[in-house]
Structure formats: structure tokens, C-alpha cells
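# Descriptive structure summary
Below are the chains, spelled out letter by letter.
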Amino acid sequence: MLSRRETLFTALKAACGISVGAASPLGTLLTGAAAAETPARPPREWTVPFGAALRDGPLANEADYRAAVARHCAQAVGEGGLKWFDLRPARDRFVFDQPDKQLEFARANGLELRGHTLVWAEVMPDWTRTISQGEAEAELIRHIETVMSRYRGKIRSWDVVNEPIANDPASRTHLRPSIWQQRLGEGHIALALRTAARTDPQARLIINEYDIEFVGDRFRRKREAFLRLIRDLKLRNVPLHGIGLQGHLRADLPVDRDALSAFVAEMRSLDLEVLVTELDVVDDKLPAATDLRDMMVAAKAYEYLDAIQAAARPSAVLSWGITDKYTWVPMYFKRSDGLPNRPLPLDEAYRPKPLMRVLEHFCGARR
Ligand code: XIL
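These lines cover the structure that appears in this document, whether it is placed above or below.

Cut-offs used in this document
- Residues numbered from 1 in each chain as written.
- Predicted model: local features only at pLDDT ≥ 70, side-chain atom pairs only at ≥ 80, totals over all residues.
- Heavy atoms only, no water.
- Near = heavy atom within 4 Å.
- Polar contact = N/O pair within 3.5 Å; in protein donor to acceptor, adjacent residues only side chain to side chain.
- Areas by Shrake-Rupley, 256 points an atom, 1.4 Å probe, with all protein chains shown as cover.
- Helix = DSSP H or I, 4+ residues; strand = E, 2+ residues; numbered from the N terminus.
- Expected span 1.5 Å × (residues − 1).
- Buried < 20%, exposed > 50% of the residue type's maximum accessible area, 1.4 Å probe, protein only.
- Arc of directions from axis to C-beta.
- Salt bridge = Lys/Arg side-chain N within 4 Å of Asp/Glu carboxyl O.
- Phe/Tyr/Trp six-rings, centres within 6.5 Å; stacked < 30°, edge-to-face > 60°.

Here the focus is the site of the ligand. Contacts to the ligand come from Glu 79, Lys 83, His 116, Trp 120, Asn 162, Glu 163, Gln 246, His 248, Glu 278, Trp 320, Trp 328 and Met 331. The contact in question runs from an oxygen atom of the ligand to an N or O atom on the side chain of Lys 83, over 2.7 Å. In this structure, an oxygen atom belonging to the ligand sits 2.7 Å away from a side-chain N or O atom of His 116. Burial of the ligand by the protein amounts to 81% of the accessible area it has alone, namely 410 Å².

With that out of the way, let us pick up helix H7 (residues 97–108). Spanning twelve residues, H7 covers 16 Å between terminal C-alpha atoms, matching the ideal 16 Å at 1.5 Å per step. Along H7, the residues classified as buried are Pro 99, Gln 102, Leu 103, Phe 105 and Ala 106. The arc that holds the buried residues of H7, viewed along the axis, is 160 degrees, so those residues lie on one side. Set apart from the buried face of H7 by more than 90 degrees, the exposed residues are Lys 101, Glu 104, Arg 107 and Ala 108. Looking at the residues trailing H7, positive phi occurs at Gly 110, about 70 degrees.

Tallied over the full model, the rule gives 35 salt bridges. Residue Glu 145 pairs with Arg 198 through a salt bridge whose shortest N-O separation is 3.0 Å. Residue Glu 145 is found in helix H8 (residues 133–150), and its partner Arg 198 is found in helix H10 (residues 187–199); the two are separated by 53 residues along the sequence. Among the salt bridges present, the one from Asp 217 reaches Arg 221, with a minimum N-O distance of 2.8 Å. Placement of both Asp 217 and Arg 221 in helix H11 (residues 217–235) is noted, with a separation of four residues, approximately one turn of the helix. Using a relative accessible area of 41% as the deciding quantity, one classes Asp 217 as partly exposed. When its relative accessible area of 23% is taken as the criterion, Arg 221 is described as partly exposed.

All right, on to the packing of aromatic side chains then. As enumerated under the stated definition, the model contains ten aromatic pairs in all. Residues Trp 84 and Trp 127 carry aromatic rings whose centres are separated by 6.0 Å and whose planes lie at 40 degrees to one another, so their mutual orientation is tilted. In this pair, Trp 84 sits in helix H6 (residues 84–87) while Trp 127 sits in the loop between strand S3 (112–119) and H8, placing the two residues 43 residues apart along the sequence. Exposure remark for Trp 84: the relative accessible area of 2% places this residue in the buried category. By relative accessible area, which is 13% here, Trp 127 ends up buried. A ring pair is formed by Phe 94 and Phe 96, whose centres lie 5.9 Å apart and whose planes are at 10 degrees; its orientation type is stacked.

Now the structure itself:
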């Protein structure tokens, strides 16, 4: 008769192809043996800073939510607030209420707040479609100068450009058709980075991307297009300090360990820091049973973080939310059985899950 643990490990192997020896580091993490000890050090003091995306509703209205973020995080990033849709209701308006509140919470709790994001194809207000080719450069510069100068010295790391690569790139120069790409071409990226560097010379300037980590032709093409862009920017001495790997992991897709490690190693060889900026594990294809599902989510994150750390230690790891109670995942990956997704480090009652133990393993240990 298989023990429950052996049953879970067998299921893990079958579903994810991940072999877990009971005494292996992952096996120890997943069986909860590690949970018995209080964290080696409080998450706030982990070697690799951990953080989470903040959602404004619970941030304003739920003490449990604020307490969980303050307890577990050393960094934070607005899930919204600094996106054009939130910030720019009209061409002549900037509304800073949300990011100001996020910053106030972060500073009151000793957290570093990341800025997300200045240039993106998504969630652009309708009025931006009226920006002409002749106006685009001035509008982009004005936006970056106005926003970054307000938070100069307070927000020290910015996703200046988010998701520049086409979702399914047909070539290494195939970028997403943002309004900026349409009006200014690829030069908009260097323009944004140069404007950001001029506005806040101390800020760390990051380009953030998703779907860099999996096995498969589309992911390989996306990695290659991203590498081409990064190499080109570095060759032209465009100011760029790091790369954000969003880390929206699909639990049903194998991580391309060698390719991901090689990508991270090349970023480091280009003197670029690597951050994991939006970690969550999309569990829509996983079994319903929460203990098995939580283990599989943790195992996928382990696979991913192990591949990154085989090449270099990330300068931060942030999850795209702290609790399953507030996650964007069902927006695109709703489960067919109608059960709530469980993609994040804490469950809906703010209890740590195996994923939090995996984060402690990679971020908390003193190296
Ligand atoms: C998502 C938010 O989580 C949603 O609430 C919002 O409606 C759309 O944007 N990659 C990114 C994030 O860089 O900004 C996205 O966040 C998720 C995908």
C-alpha cells in the first residue's frame, strides 16, 4: 500500500515528469518536513529579496492582506497603478493616487517598491490611439519624465519596457505592435531607456518579458528574439541594467532547463541583473486535489528557480500576488472544474503553501 506521500510523488512524476526522491531537497520541501522548522530567517531578511504584486482594493481595505505582505515581503510592485490605463485617463492628466498609496504602504513597512510599467502594448487608454507619428516621441518622453521624476529616489527599479517581443515571433526582430512600435519603430525602446536614464540616473532600468522558459519552438523563438534585442541594446550602449523574467509558469509545460540557464548566464555575461518579476504557477491543467496540486505548483517553481540559480542568483524574486485569494490567473486560465486557481505562495487564508517553502529554499538560504 503506497503511503500518501508516495502516491503524491508518483502522481507528480506522472504529471510533471519530475522525479522526487523522498530525501531529496525537493522531496523534503514538498513533504512539509521543512515546514516544521520556523523559517531559517524571516522572509524579510532572505538573501534574495522576495516580494509580491499589490492589489489596490485589499491593500486599502484588508488588514490581513497588508499584514501578509508586510510579513513575507521585502519588495512590492503595483499590479496596477503605474500602467497607462490607471495613470493617464486623458492626454493632459496624470492620476498618481494608486501608486502614491502603494509607495506610502511600502515605505511604512520598509519595502522597496518596483515601478511597473512605463512602456507596454497592453491596457493603453483609447485616447492614445490619437497620438500621431509626429507627436509620439514627445508623448513618450513626457510620460517617462513626469512619472519617473515624481518617484525619483523612491522607486529605484523600473520595468521601463514590458513585453516588447511578439507573442509568436516570426523573426528575431518581430516586436509587439504597441502604439510606440507602430509610430516610432524599434527605436522607441532605446528612446524610453535613454529618457529613463536621464530622468533618474540612479534608477535600475529593466526590460521585462514572459514565456522565455519553456521547451518548445515558440518559446525558443521568443528567447532568441529577446536575446537579439538585448544584445543590440548593449552593443549600442543603450542604458539597461537588467532583465525581468516574469515567470508566469504553466504547470503543464516543461521548463527548458539548459536554455533558461544559458539565457541567464548570457545576461550575467552582459553585466545585466536578472529578476523574477511576476512568478505564479498556472494550475488550470492540474488535478483538483489541493494537496497534490499545491505540490505540483511548488515542484514547477522548484524546476524553474533551480534552472535560473544554476547560472546565477536573481537579484529579486517577486510573485504576481501573495495570496490565492487575489490572482489574475483565472482571467485567462480558469479551471474547467470551476475550482479556484492556487498559483501563489499563500492560500486564500494566508497560510504558507509548499511554494513558499520552495521560495525559502532558493531565496532564504544564506549563501
Ligand atoms: C495584469 C494584472 O494582473 C491584471 O489585473 C490586469 O487586468 C492586466 O494586467 N504581464 C504583466 C502584468 O506584465 O502587468 C499583467 O498584469 C500580467 C501579465
